[in-house]
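These are the residues of each chain, in order.
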Amino acid sequence: NDFMEKDVSKCPPYRLISSAANGDEKAIQKILDFYDNYISACCMRKLYDEYGNVRMAVDLELKGLVCHAMIQKIKAFEVEIK
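Residues numbered from 1 in each chain as written. Predicted model: local features only at pLDDT ≥ 70, side-chain atom pairs only at ≥ 80, totals over all residues. Heavy atoms only, no water.

A.B. asks: What is the right way to read helix α3 (residues 25–34) from this model?
C.D. replies: Given 3.6 residues to a turn, an α-helix orients residues that are three or four positions apart in the same direction. Residues Ala27, Ile28, Ile31 and Leu32 constitute the buried set of α3. Angular distribution of buried residues about the axis of α3 spans 140°; they occupy a single face of the element. Seen from the open side of α3, the exposed residues pointing more than 90 degrees away from its buried face are Lys26 and Lys30. Here α3 starts with a cap whose side-chain oxygen sits 2.9 Å from the backbone nitrogen of lysine 26, and that cap is aspartate 24. (Buried < 20%, exposed > 50% of the residue type's maximum accessible area, 1.4 Å probe, protein only. Helix = DSSP H or I, 4+ residues; strand = E, 2+ residues; numbered from the N terminus. Arc of directions from axis to C-beta. Polar contact = N/O pair within 3.5 Å; in protein donor to acceptor, adjacent residues only side chain to side chain.)

A.B. asks: When you look at the pattern of salt bridges in this model, what are you seeing that I'm missing?
C.D. replies: A side chain with one charge may pair with a side chain of the opposite charge, provided their charged atoms come close. Taken as a whole and judged by the stated rule, the model has two salt bridges. The shortest N-O distance in the salt bridge between glutamate 25 and lysine 75 comes to 3.7 Å. Placement of the pair is glutamate 25 in helix α3 and lysine 75 in helix α5 (residues 60–76), with a sequence separation of 50 residues. A salt bridge links lysine 63 to aspartate 36, with the nearest nitrogen and oxygen atoms 2.7 Å apart. In this pair, lysine 63 sits in helix α5 while aspartate 36 sits in helix α4 (residues 36–42), placing the two residues 27 residues apart along the sequence. (Salt bridge = Lys/Arg side-chain N within 4 Å of Asp/Glu carboxyl O.)

A.B. asks: I tried to follow the environment of cysteine 67 on my own but got confused; where do I start?
C.D. replies: Considering the arrangement of structural elements, one finds cysteine 67 in helix α5. Other than its neighbours up to four places away in sequence, cysteine 67 contacts Leu32 and Ile39. (Contact = heavy atoms within 4.5 Å.)

A.B. asks: It is not clear to me how α5 should be interpreted in this structure. Could you clarify?
C.D. replies: Relative to the 24 Å expected for 17 residues at 1.5 Å per residue, α5 spans 24 Å between its end C-alpha atoms, a close match to the ideal helical length. Those residues of α5 not exposed but buried are Lys63, Cys67 and Ile74. Taken down its axis, α5 places every buried residue within 35° of arc, on the same side. Exposed residues on α5 whose side chains face more than 90 degrees from its buried face are Glu61, Leu65, Lys73 and Ala76. (Expected span 1.5 Å × (residues − 1).)

A.B. asks: Hey, could you run me through the packing of aromatic side chains in this one?
C.D. replies: Two measures describe an aromatic ring pair: the distance that separates the ring centres and the angle between the ring planes. By the definition in use, this model includes one aromatic pair. On the basis of an interplanar angle of 80° and a centroid distance of 4.8 Å, the ring pair of phenylalanine 34 and tyrosine 35 is categorised as edge-to-face. (Phe/Tyr/Trp six-rings, centres within 6.5 Å; stacked < 30°, edge-to-face > 60°.)

A.B. asks: Explain the side chain of lysine 63 to me, please; I cannot follow it from the model alone.
C.D. replies: When its relative accessible area of 16% is taken as the criterion, lysine 63 is described as buried. Ignoring sequence-local partners within four residues, the contact set of lysine 63 consists of Asp36, Ile39, Ser40, Cys43 and Val58.

A.B. asks: Please explain the pairing of strand β2 (residues 54–58) as it appears in this structure.
C.D. replies: Strand residues, when the strand is regular, have side chains that alternate between the two faces of the sheet. Sheet topology note: the strand β1 (residues 44–48)/β2 ladder contains five bridges and is antiparallel. Directly across from arginine 45, in β2, lies its bridge partner alanine 57. Counting the residues between successive antiparallel strands, the hairpin from β1 to β2 contains five residues, one of them, glycine 52, with a positive phi of roughly 85°. (Pairing = 2+ DSSP bridges.)

It is worth stressing that arrangement in space is one thing and function is another; only the former is reported here.
As structure tokens, then:
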């Protein structure tokens, strides 16, 4: 998938990761924004309309849970300086 190669092959800058790990809310939001397309793609589900037609859509409840889990992991992340 093209967007996965384009978006996920790069990482957010170290400074942004460090700021997010230190609890900077704007930095955390920028990281979530950076991975938004990937998260959305992972949260796609088949939905059926009243006629039984199938369509793919982002499961917003699941996406919210994924984003919440990411925020918790970001806040618990320790940046190691070598």
